Amino acid sequence: SALRDLELLELANNGNSDAQREASLEKARQRMMAGYRANPRDIDILIKMYGIEGDDEWRDAVKVQLDSAKRAGLLEVKRWEARVAQGGAGLQTEMTFAQALNNYAWLVYNTEGDFKQALKYSLRSVKILEDSARLDTCGRCYFAVGDFENAIRVQKRALALEPHSPPLKRQLLEFEKAKKKADAAAEDTKAN
């Protein structure tokens, strides 16, 4: 399970010898790859795989899976977009379309790709259904393209819907720190 893989990663990072750490990481990598191949719709496993260190062979294997997932995500978006465009789309079709848009944006934000396209898809998802998860994705996509003001604005909307969420609060703090740093750098540039 993904939880077990996270436990293996935690063990690998807890002061073990280099050999023990690498053995734990390798076991986690193998389990994650097997889990992802068994359920390629679970993009959170792929995102975790992307963030795990590994040799060139591992990076290449993850890149293959990532490229495949992004292609599949785009195809899913296009398929649902066509169904909605045919007219008469019911609420379930709209919701599934919004989820496909959000999933693609979430995957790209957390890995690599066209961040502007991810933002466009995220905005479309939020337009269909505004909830804290979609707003969080949207805020992160704004952040990825360097639009800190909109990232903060949207993250505050997400937090208003779920005011006691530690992840949403942490993300807002990250956005505010980045904006403060960018503002300070801009001031330094003006002063020089």
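Rules and cut-offs
- Residues numbered from 1 in each chain as written.
- Predicted model: local features only at pLDDT ≥ 70, side-chain atom pairs only at ≥ 80, totals over all residues.
- Heavy atoms only, no water.
- Axes fitted to C-alpha atoms, helices over the stretch in contact; angles between N-to-C directions.
- Helix = DSSP H or I, 4+ residues; strand = E, 2+ residues; numbered from the N terminus.
- Left-handed = near helix turned anticlockwise from the far one by under 90°.
- Contact = heavy atoms within 4.5 Å.
- Nonpolar A, V, L, I, M, F, W, Y, C, P; charged D, E, K, R; others polar.
- Parallel < 35°, antiparallel > 145°, perpendicular 65-115°, else oblique.
- Expected span 1.5 Å × (residues − 1).
- Buried < 20%, exposed > 50% of the residue type's maximum accessible area, 1.4 Å probe, protein only.
- Arc of directions from axis to C-beta.

A. View of the packing of helix H3 (residues 43–51) against helix H4 (residues 56–85). Close contact between H3 and H4 brings their axes to 10 Å; oriented N to C, the two are set at 150°. For H3 against H4, the interelement crossing comes out left-handed. Contacts between H3 and H4 involve Leu46, Met49 and Tyr50 from the former and Trp58, Arg59, Val62, Gln65, Leu66 and Ala69 from the latter. Among the residues forming the contact of H3 with H4, the class breakdown is seven nonpolar, one polar and one charged.

B. Layout of the packing of helix H5 (residues 91–110) against helix H6 (residues 115–128). Running from N to C, H5 and H6 point in directions that differ by 150°, and their axes come no closer than 8 Å. Between H5 and H6, the crossing angle belongs to the class labelled roughly antiparallel. In this structure, the crossing between H5 and H6 has a hand that is left-handed. On H6, the residues touching Glu94, Phe97, Ala98, Leu101, Asn102, Tyr104, Ala105, Val108 and Tyr109 of H5 are Phe115, Gln117, Ala118, Tyr121, Ser122, Arg124, Ser125 and Ile128.

C. Quick peek at H6. Taking 1.5 Å per residue as the helical rise, H6 with its 14 residues ought to reach 20 Å, and the 20 Å between its terminal C-alpha atoms agrees with that figure. Taken as a whole, H6 has its buried residues at Ala118, Leu119, Tyr121, Ser122, Ser125 and Val126. Viewed end-on, H6 has its buried residues packed into an arc of 165°, placing them on one side of the element. Residues Lys116, Lys120 and Lys127 are exposed on H6 and point more than 90 degrees away from its buried face. Elements in contact with the buried residues of H6: H4, H5, helix H7 (132–144) and helix H8 (148–161).

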